[in-house]
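One-letter residues, chain by chain:
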Amino acid sequence: MLFSVNLWGQHLNMFGIPLNGSIDNFTTKLVSKGLKVDREFNKQLPNGVRAFKGSFSGYLASQILIFYDPRTKTVFKGVTNFTDLADQTLLEMYGDIRARIHAKYENFLYYDDKNDEGFPKCEINVFKPKSDTCLGVIHIGIMVMKVYPYSKTLYISYEDNINMEKFTKQRSDDL
């Protein structure tokens, strides 16, 4: 029992769910939290990405994407996007979510910056408590879409280190 609890703490969480395990199991957990599978948008996505609709941290999200290895079906990344909102609203949401992420984790490093359009972006490396083991990286930022209708998007991306490394290595092995 202690081993499984320790293993559970080795992955970055999104929606309180470790970015680990199969996409089907992850989908079941997201649906139990009130998210809905976006069946129409999923028809347009490649194998390895699944789309959802719902709320994220108290905000109604435009899109939630979960990335998984198509071979092993293991989840490694999740992204939440908020679009079609006023600049001031996006900036306020950015500040609120960034501050709450900082309050949630006791052991992290972060890097603040601005993108080419002058909007804020931040990278937060989350470490296991009282350890130098990085669980993953959270990216937060506002970007201007480079295709029509050129809307602005607030994105929050969670990348689990263990499963992202496995996915990257497996893709490299194909070369």
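Note that this is a predicted model, so its numbers are computed, not measured.

**A few points about the nonpolar core**
Soluble globular proteins tend to bury their nonpolar side chains together.
Now for step 1: Ranked by size, the top nonpolar core spans 35 residues in total, and within it Phe56, Ile66, Ile138, Ile140, Leu154 and Tyr158 carry the most contacts.
Now for step 2: Counting only elements with at least two residues in this core, the list comes to helix 2 (23-32), strand 4 (49-56), strand 5 (59-68), strand 6 (75-83), helix 4 (87-104), strand 8 (120-127), strand 9 (134-144) and strand 10 (152-160).
Now for step 3: Setting aside anything within four residues of it in sequence, one finds Leu154 in contact with Thr80, Asn81, Phe82, Leu90, Met93, Tyr94, Ile97, Ile140, Gly141 and Ile142.
Now for step 4: Core analysis: the next-biggest nonpolar cluster, separate from the first, contains nine residues, Leu45, Ala51, Leu65 and Phe67 among them.

**Here we look at the environment of Leu19**
Now for step 1: If you trace the backbone, Leu19 turns up in the loop between strand 2 (17-18) and helix 2.
Now for step 2: Here the alpha-carbon distance between Leu19 and Ser32, two residues 13 residues apart in the chain, equals 16 Å.
Now for step 3: Setting aside residues no more than four positions away along its own chain, Leu19 makes contact with His11, Leu12, Met14, Phe26, Val75, Phe76, Lys77, Gly78, Tyr158, Glu159, Asp160 and Asn163.

**Description of the sheet that holds strand 10**
Now for step 1: Spatial ordering of the open sheet is given by 3-4-5-6-10-9-8-7, a layout of eight strands whose pairing is antiparallel. The strands lining the two open edges of the sheet, one partner per strand, are strand 3 (36-37) and strand 7 (108-114).
Now for step 2: As paired elements, strand 3 and strand 4 share two bridges and run antiparallel to each other. In the sheet register, Val37 faces strand 4, and the bridge partner there is Phe52.
Now for step 3: Sheet strands in contact with helix 2 are strand 3, strand 4, strand 5 and strand 6, and its direction is about 20° off that of strand 4.

**Looking at the pattern of salt bridges**
Now for step 1: Counted according to the given criterion, the structure contains seven salt bridges.
Now for step 2: Across the pair Arg50 and Asp24 runs a salt bridge, and its minimum N-O distance is 3.4 Å. Taken as a pair, Arg50 in strand 4 and Asp24 in helix 2 lie far apart in primary sequence, 26 residues in all.
Now for step 3: Among the ionic pairs, Asp96 bridges to Arg100, the shortest N-O distance being 3.1 Å. Pair noted here: Asp96 and Arg100 are both in helix 4, with a separation of four residues, about one helical turn.
Now for step 4: For Arg100, a relative accessible area of 36% puts it in the partly exposed group.

**Focus: the packing of aromatic side chains**
Now for step 1: Throughout the structure, instances matching the rule amount to six aromatic pairs.
Now for step 2: Ring geometry for Tyr59 and Phe82: centres 6.2 Å apart, planes at 80°, overall edge-to-face. Residue Tyr59 is found in strand 5, and its partner Phe82 is found in strand 6; the two are separated by 23 residues along the sequence.
Now for step 3: On the basis of relative accessibility, which here comes to 23%, the residue Tyr59 falls in the partly exposed class.
Now for step 4: Arranged with centres 6.0 Å apart and planes meeting at 40°, the rings of Phe108 and Tyr110 form a pair that is tilted.
Now for step 5: Residue Phe108 is classed as partly exposed on the basis of its relative accessible area, which comes to 23%.

**Examining helix 5 (residues 161-173)**
Now for step 1: Taking 1.5 Å per residue as the helical rise, helix 5 with its 13 residues ought to reach 18 Å, and the 18 Å between its terminal C-alpha atoms agrees with that figure.
Now for step 2: Among all positions of helix 5, only Asn163, Met164 and Phe167 are buried. The buried side chains of helix 5 occupy one side of the element, clustering within an arc of 105° when seen end-on. In helix 5, those exposed residues whose orientation departs by more than 90 degrees from the buried face are Glu165, Lys166, Lys169 and Asp173.

Each value, and the rule that gives it
Residues numbered from 1 in each chain as written. Predicted model: local features only at pLDDT ≥ 70, side-chain atom pairs only at ≥ 80, totals over all residues. Heavy atoms only, no water. Core = buried A, V, L, I, M, F, W, Y, C linked by side-chain atoms within 4.5 Å. Buried < 20%, exposed > 50% of the residue type's maximum accessible area, 1.4 Å probe, protein only. Helix = DSSP H or I, 4+ residues; strand = E, 2+ residues; numbered from the N terminus. Contact = heavy atoms within 4.5 Å. Pairing = 2+ DSSP bridges. Axes fitted to C-alpha atoms, helices over the stretch in contact; angles between N-to-C directions. Salt bridge = Lys/Arg side-chain N within 4 Å of Asp/Glu carboxyl O. Phe/Tyr/Trp six-rings, centres within 6.5 Å; stacked < 30°, edge-to-face > 60°. Expected span 1.5 Å × (residues − 1). Arc of directions from axis to C-beta.

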